Every structure is written in structure tokens, then in C-alpha cells.
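As a plain string of letters, each chain reads:
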Amino acid sequence: MNPIDALAGRLRAELAPEQVLTDRQQLRTYECDGLAHYKVIPALVVLPHTADQVAAVVRACAGAGVPFVARGSGTGLSGGALPHADGVLIVTSQLRDIVEMRPEDERAVVQPGVINLQVTQAATPFGYYYAPDPSSQQICSIGGNVAENSGGAHCLKYGFTTNHVTGLRVVTPDGEQTQLGGAAPDTPGYDLLGAFVGSEGTLGIATEVTVRLTRLPETVRTLLAAFASTDQAGAATSAIIAAGVVPAAIEMMDVLSIEAAEAAVRCGYPAGAGAVLIVELDGPAAEVEAQFAEVTRLCDEAGAFETRVAADDAERALIWRGRKSAFAAVGRISPDYIVQDGVIPRTALPEVLRRINEVAEEHGVRVANVFHAGDGNLHPLVLFDAGVPGETERAETVSGAILDLCIEHGGSITGEHGVGVDKARYMPRMFSDTDLDTMQLVRCAFDPDGLANPGKVFPTPRLCGERPGRRQGAFEHQGAEVF
């Protein structure tokens, strides 16, 4: 009997038969995450219902020497939850209880399968909400947010997931359960909690998350400013931050992303706009009103030809509707597209956006830009038609060139989507061999056998017994063919 069949039998005995999937058609449901460019059918899928069951599955994998990958809602955009062809996919979507809501401590304790937006919905009656808000917040899970250190439109003012997680209950790669952090703002010693958040499943699986709740603001003002070009919108963004105003969000969309959003959700953005900025301010009423006047003035000075202000929650939702739908909406104007994710300094926005357009024109593809302008977190969407010979390759070339531009301007190859399998090959462009080896030593301290989400993040994963240093010779890919 092969190891997977033996493992499946053992897990069916420990869990319930319907929690262990081996039928190929069922397995294909889990062959990719939100980045469908990469697909691998897992050998086995397990659907645990409790933290103890997660631990039991991981212990069984460790005992059999079988790799495992954790998956939440599957909305990731870097291939971080791509299965291992000879391994187990552990789906945490059934762990979906809000364990505690503690507004008196500004904390909530939730399981990893809880949907991001559900935390806010549960906290709102107490006057609180959960600040990190990825565009997929209606379907993405907290466990996935922790794995990828997800951000969202309001990360400019409120930060990423790591700024809102104070404690984790985790299953380590050998199947033990342990606590990192807790309800307190900080704990003494090494920041293992900080290492775990954003580790993309390579250090273990979170089974319980203690999150920080944020008080609902007294006032929220949202405006939409239309510009003739992204240069003008970028200049307005830099001017707003330079003036000492830190909005909750500053989002930018260019003409292609506006076109897609209009086709998909009819958001009614100003006609003829080459770019729009969505600026949202929140906080005490007096402060927001003063900042609002300043932002309006700076947008006008940068060349805004139309400014709209949301009069109520319905109009605010309409303004945000186009931005929140942008990624999916691009499917209305292109049969295929690559969602990229990189970071640059705000002041480099005009130059980098011009260079992106030049590179796209050189290779005969289109790029739609929609992104968190306030913190320079770009999300270029490289449009192509896989049915046209050569277009896929040209799109991938442009996608890589965009990341090179980010590095060249002092930025990063990812802001909030993670590295996963998609960007692992770009890590050496940003980090030295010594840097990568040091990161690997951290991974090995948690997972000496290399079973937790192998083949992700690092371009040439090595066994923990190997000496750090430059590799020579061919490296055997951990896993099956990726297609």
C-alpha cells in the first residue's frame, strides 16, 4: 500500500470518512487558489472540524513523511495554497466559529475559517470593527489573511494583518499545539508571532486567532476625484501625504481599470477620466472636516476636473463598488490577465506608472493599474489572450519587468499578496544568498523536515541539514509538474 492510501485509511478512522477526500473529481475542486495559472491536484484533501483534528492530521503527515499544505477560502493570488501532488491539503474552512467577542478588551478570538467581513459584522453592535479589509473580504478567511499578512484599502492608516493580530493558537509541523502571543499588546522574548504572520503556511497552521478590534470612527468622509492622467493623480497623492494628512485610504484606478469597472458594475465614475482617486478620511468630526478641506484643495491644485463627495453610506458604497470589483471586472475587457503586486515609494508613482505603460507598449500588451496609491502598493493587471500565440509569454515578461521596476525604485516584489509559488523566482532579485539562507534557517527551526507547504516562498528550497551557501548543480523541484 502506498503512503497516501495508508494515510487516507488512518485519517478516515480518526476523523469521519466524509472528511477525507480521495475522488479525483473532488480533489480537482482544490487544484488552485485565486491564481488559476498554476494548478496541481492534491493526493488527498482533509476537512478537519476542530483544532485537535488539524493537529491529528499534521501528526499523521509528519509520521508518514508526507508534505501538507493549509488552505482557507482559496482566494490567495500568489499560489500560496497550491497543493502538493504527493501531499495532503488541509482545508480549514470548517473551523468557522467566532469563539469570543470581547469589546471591553478590544479583542476577538476567531477560528481560521471565519470570513474577514464576519468579524466586523459581529463587532459592529459593540461599536467596533476589524480594520484589515482585502478586496475579497466578503469571502477571504482570517486564516488566509494571517498566512499572507493581507492588507486592504485601509492599510494606509491602519496597517496590515500583522498590526491587528495579538495572539495565535498554532499547530506546529510536528503536530503539536502551542500558543504564540495572546490578548496582551506585546509579549517578551523573540517575536515568534511576527514571524508566523505572513509566513505563508511554511511554519505551521493557525487554528485560533486573537485579533485587535478598532473603534468605529465618529465620522467618515469619502470623495472621488477625477484627473486627466495618472501623473496628476499621483502628484495629488504625494501632496496629500506631504501635507501631513493620513487618510484611511487613497486608492487609484487608471483608464483601463475604470473601463472594466464600468462594464462590470456601472459605478458611474466621471466620463473622460484618465485616472480617479478615492480618498477616505475618518476620525473625530472636527479633524475630518479640516482634513477634507485640505484634501479637496490639493486635488484641485493637482488638476482634478471633477470631485464627488459621498452624501451617505449608499453613495459611499457606490464609490467603493468600482474599486472593490476591479480585479474581477478586468475579465470583462480581457480573456486572461495576470494580477501583479509590488510596492514603490509614493514619490515614484508617476515615473513608475509611465515606465509600466512604456514596457507594456514595447511588448504589445495592455496593463490596467488599480492600487493602494497612499502607500505605493501597486496592483498592475497585465492583460492578454492565452489563445494568441506568444501573448502569454509577453505578458509574463511584462509582469516580471514590473517587479524589477519596483526593486529598482527601492520597493518590494510584494505588498500583500505574498510570494507563494508565483514570485519565488524573483526573491534573489531582492535578497542576497545570505539573506535567503538566514530566512531558511528560521523555517528550519519550525519545520526541520520541510513538510509544511514545501516549494513556496524560496526559489531553491533546501533541506534543513544542508549547509547554508550558494547551491551548485541542479535542484530537484519539490512536488509535481506545475502547469
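Look a little higher up for the structure.
Residues numbered from 1 in each chain as written. Predicted model: local features only at pLDDT ≥ 70, side-chain atom pairs only at ≥ 80, totals over all residues. Heavy atoms only, no water.

Undergrad: Residues and numbers for the overall build of the protein, please.
TA: Along the protein, the regular secondary structure elements total 16 helices and 20 strands. The C-alpha atoms of the protein give a radius of gyration of 23 Å, which matches the 23 Å a tight globule of 483 residues would have. With the C-alpha coordinates of the protein rotated into their principal frame, the extents come out at 70 × 60 × 40 Å. Scored against the burial criterion, the 483 residues of the protein give a buried share of 56%. The long-range fraction of contacts in the protein, counting pairs at least 24 apart against all pairs at least 6 apart in sequence, stands at 71%. (Helix = DSSP H or I, 4+ residues; strand = E, 2+ residues; numbered from the N terminus. Rg over C-alpha atoms; globule rule 2.2 N^0.38 Å. Buried < 20%, exposed > 50% of the residue type's maximum accessible area, 1.4 Å probe, protein only. Contact = heavy atoms within 4.5 Å.)

Undergrad: With reference to specific residues and values, describe the packing of helix H13 (residues 349-363) against helix H14 (residues 391-408).
TA: Between H13 and H14, whose axes approach to 10 Å, the crossing angle comes to 160°. Judged on the interaxial angle alone, H14 and H13 are roughly antiparallel. Regarding H13 and H14, the two cross each other, and that crossing is right-handed. When H13 is examined against H14, the residues Val352, Arg355, Ile356, Val359, Ala360 and His363 are found in contact with a partner set consisting of Arg394, Thr397, Val398, Ala401, Ile402 and Leu405. Of the residues assigned to the contact of H13 with H14, the class counts are 8 nonpolar, 2 polar and 2 charged. (Axes fitted to C-alpha atoms, helices over the stretch in contact; angles between N-to-C directions. Parallel < 35°, antiparallel > 145°, perpendicular 65-115°, else oblique. Left-handed = near helix turned anticlockwise from the far one by under 90°. Nonpolar A, V, L, I, M, F, W, Y, C, P; charged D, E, K, R; others polar.)

Undergrad: Give a detailed account of H14, specifying residues and quantitative values.
TA: In this model, H14 (18 residues) spans 25 Å end to end at C-alpha, consistent with the 26 Å of a helix rising 1.5 Å per residue. All of the buried residues in H14 are Glu391, Thr392, Ala395, Val398, Ser399, Gly400, Ile402, Leu403, Leu405 and Cys406. Within two residues after H14, Gly410 carries a phi angle of roughly 85°, on the positive side. (Expected span 1.5 Å × (residues − 1).)

Undergrad: Help me get a handle on the environment of Thr50, residues and values and all.
TA: Mapped onto the fold, Thr50 is located in the loop between strand E2 (44-46) and helix H3 (51-64). Exposure remark for Thr50: the relative accessible area of 34% places this residue in the partly exposed category. For the pair formed by Thr50 and Leu95, sequence separation is 45 residues and the distance between their alpha carbons is 6.1 Å. From its side chain, Thr50 meets the backbone nitrogen of Gln53 in a polar contact 3.1 Å long. (Polar contact = N/O pair within 3.5 Å; in protein donor to acceptor, adjacent residues only side chain to side chain.)

Undergrad: Break down the environment of Cys140 for me, with residues and values.
TA: Residue placement: Cys140 occurs in the loop between strand E7 (128-129) and helix H5 (142-148). Judged by its relative accessible area of 2%, Cys140 is buried. A sequence separation of 27 residues divides Cys140 from Gly113, and the C-alpha atoms of the two residues are 8.7 Å apart. For Cys140, the contacting residues outside a window of four places in its chain are Ser73, Thr75, Val114, Ile115, Asn116, Pro134 and Asn145.

Undergrad: Can you break down the pairing of strand E6 (residues 107-110) residue by residue, with the values?
TA: Side chains Arg107 and Val109 of E6 all project onto a buried face; the interleaved residues Ala108 and Val110 project onto the opposite face, where all are buried too. Pairing between strand E5 (residues 98-102) and E6: 4 bridges, direction antiparallel. Residue pairing across strands places Met101 opposite Ala108, the latter belonging to E6. Taking the residues between adjacent antiparallel strands as the criterion, E5 and E6 are bridged by 4 residues, where Glu106 takes a positive phi near 55°. (Pairing = 2+ DSSP bridges.)

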